[in-house]
Amino acid sequence: MLAKATGKKTEAFHTMKPKGSHPPNKYAFYPGCVARGGAPELYESTVAVLERLDIEIQELTSASCTGAGVLQEKNRKLGDVLNVRTFAMAEQMNLPILTICSTCQGVMAQANYRVKRDSDYLAEVNLELAKEGLEYHGTTVIKHLLWVLVEDIGVEKVKQTFRKDLAGLSLAPFYGCYIIRPSDALEFGENPLRQTSLETVIEATGASAVEYSGSTKCCGLPILFINQDNSTRMVANHTGEAKDLGADAMVTPCPLCHLNLDGYQPKAARKWRQAKADMPILHLPQLLGLAMGIDPENLGLQRHIVPVKQFLNGIIETTQVR
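Residues numbered from 1 in each chain as written. Predicted model: local features only at pLDDT ≥ 70, side-chain atom pairs only at ≥ 80, totals over all residues. Heavy atoms only, no water.

Colleague: Sorry, what's going on with the overall build of the chain here?
Modeller: When helices and strands are counted, the chain shows 13 helices and 10 strands. Taking 322 residues into account, the globule formula puts the C-alpha radius of gyration at 20 Å, and the chain, at 20 Å, falls close to it. Considered along the principal axes of its C-alpha atoms, the chain spans approximately 55 × 45 × 35 Å. Taken across its 322 residues, the chain has 53% of its residues classed as buried. Residue pairs at least 24 apart in sequence account for 80% of intrachain contacts in the chain once pairs closer than 6 positions are excluded. Carbon together with sulfur atoms contributes 51% to the accessible area of the chain, which is approximately 14200 Å² in total. The centroid of the 34 positive side-chain charges in the chain is displaced by 3 Å from the centroid of its 35 negative side-chain charges. (Helix = DSSP H or I, 4+ residues; strand = E, 2+ residues; numbered from the N terminus. Rg over C-alpha atoms; globule rule 2.2 N^0.38 Å. Buried < 20%, exposed > 50% of the residue type's maximum accessible area, 1.4 Å probe, protein only. Contact = heavy atoms within 4.5 Å. Areas by Shrake-Rupley, 256 points an atom, 1.4 Å probe, with all protein chains shown as cover. Lys, Arg positive; Asp, Glu negative; His and termini not counted. Charge placed at Lys NZ, Arg CZ, Asp CG, Glu CD.)

What follows is the structure, encoded as structure tokens:
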């Protein structure tokens, strides 16, 4: 079964009640704003990779932005209503939500955490949703692609789709903030593999995961427009540390981190006197796609600010077909 973004409207599901277990390998797809705007290569590479993984998706085309945590600082209830609206749509489709944005994952997880633990608050939110004929019963599961790979599919099955062994390459994981904290809302206690999931996927490709202090720190994007000096310093610190420890590239499951680490790396290098901006920043699906043998152009790697040509040449020279 091929992955496909059907684009069907969710209104047809409004009168349906939640069912039992969801169909295997099928998800309500929530790509988030950045994958549909500033980083279209993330969307394209995801669809290509999901097809190889035999995962079917039905895109939540009527869903809204999560608020990215910024809206919640001003009006938490409004942010929660927007997110619970998305959960209700997926619930009526009897599907878990698959997202490819760490920030979306974190914001949605926190909203779900709040309403599931406060029935009065959920009832209050449902009063707003009733205006659209929606109601949330608290059953929707939200999972980032990273977690789906490790928990739902399993690393061994993912490896069966790989056509290239990336042995000889060193890759630095960069989680971003929202997919690792707060750990209670992200259910790290119940799912301990999430803490090292990015390293697990990197190593599954045959590459080595570089251990460095910046992997779980902020990329600097949240303060970019109020303190650009500190934001670019963070970019310089993370990319510079990874490079000093031998990383050939960095891999992130967060498109917002990608925008900052890739887009502002040249400015960070000039500002903080790094030798040059030459640390490629890969989206998680792009790494998977390279291991699967998908053409780099179909993964959108030519769209990056920091060139990836040298990195790709290294893959051609050092990898072996499985």
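Colleague: Quick question: what am I supposed to make of the confidence of the model for the chain here?
Modeller: Any residue range with low pLDDT should be treated as having predicted coordinates unsuitable for detailed reading. Taken over all residues, the pLDDT of the chain has a mean of 92, while the share at 70 or more is 92%. Here residues 1-18 is modelled with pLDDT under 50, and outside its nearest four sequence neighbours on either side it reaches 43 contacts, counting other chains as well. (pLDDT = per-residue confidence, 0-100.)

Colleague: When you look at the pattern of salt bridges in this model, what are you seeing that I'm missing?
Modeller: When charged atoms on two side chains of opposite charge get close, those side chains can pair. Under the criterion given, the structure shown has 12 salt bridges. In this structure, the salt-bridge partner of Lys77 is Glu124, at a minimum N-O distance of 2.9 Å. One end of the pair, Lys77, is in helix α3 (residues 76-92); the other, Glu124, is in helix α5 (residues 119-129), and 47 residues separate them in sequence. Note on Lys77: relative accessible area 28%, which makes it partly exposed. (Salt bridge = Lys/Arg side-chain N within 4 Å of Asp/Glu carboxyl O.)

Colleague: Would you explain empty space enclosed by the protein in this entry?
Modeller: Gaps left between atoms are located by rolling a probe of water-molecule size over the structure's atoms. Counting across every chain of the model gives one cavity of 30 Å³ or more. By volume, the largest cavity is sized at about 40 Å³. Lining the largest cavity we find Leu149, Val155, Val158, Phe162, Thr200, Val201, Ala204 and Leu288. The set of elements that each furnish at least two residues to the lining of the largest cavity consists of α7 (155-159) and α8 (197-204). Among the elements that take part in the lining of the largest cavity, α8 stands out by supplying three residues, more than any other. Here the lining of the largest cavity is composed, by residue class, of seven nonpolar, one polar and no charged. (1 Å grid on protein atoms, 1.4 Å probe; cavity = no way out; pocket = protein on both sides within 12 Å on 5 of 7 lines; lining within 4 Å. Points joined across faces, edges and corners; volume = space filled by probe spheres on them. Nonpolar A, V, L, I, M, F, W, Y, C, P; charged D, E, K, R; others polar.)

Colleague: Got a minute to help me understand the pairing of strand β1 (residues 26-30) in this structure?
Modeller: Most of β1 sits inside the fold, with four of its five residues counted as buried. Taken together, the four bridges between β1 and strand β2 (residues 56-59) define a ladder with parallel strand orientation. What sits directly across from Tyr27, in β2, is Ile57. Taken together, β1, helix α1 (residues 40-52) and β2 constitute a β-α-β crossover, and its handedness is right-handed. (Pairing = 2+ DSSP bridges. Right-handed = clockwise from strand over helix to strand, strands pointing away.)

Colleague: Looking at this model, I keep getting lost on the layout of surface pockets. Mind explaining?
Modeller: Quantified by volume, the largest pocket comes out at close to 350 Å³. As for the largest pocket, its lining consists of 17 residues, of which Ala68, Thr103, Tyr178, Pro222 and Leu256 are closest to the centre. Breaking the lining of the largest pocket down by element, the ones donating at least two residues are α2 (70-74), α4 (102-116) and α10 (255-263). In the lining of the largest pocket, the residues fall into 12 nonpolar, four polar and one charged.

Colleague: So what exactly am I meant to see when it comes to helix α6 (residues 145-153) here?
Modeller: Since the α-helix advances by 3.6 residues per turn, residues separated by three or four positions end up pointing in the same direction. Of all nine residues that make up α6, seven are buried, and the element is covered over most of its length. Listed in full, the buried residues belonging to α6 are Leu145, Leu146, Trp147, Val148, Leu149, Val150 and Ile153. Positive backbone phi, approximately 100 degrees, marks Gly154, located one or two places after α6.

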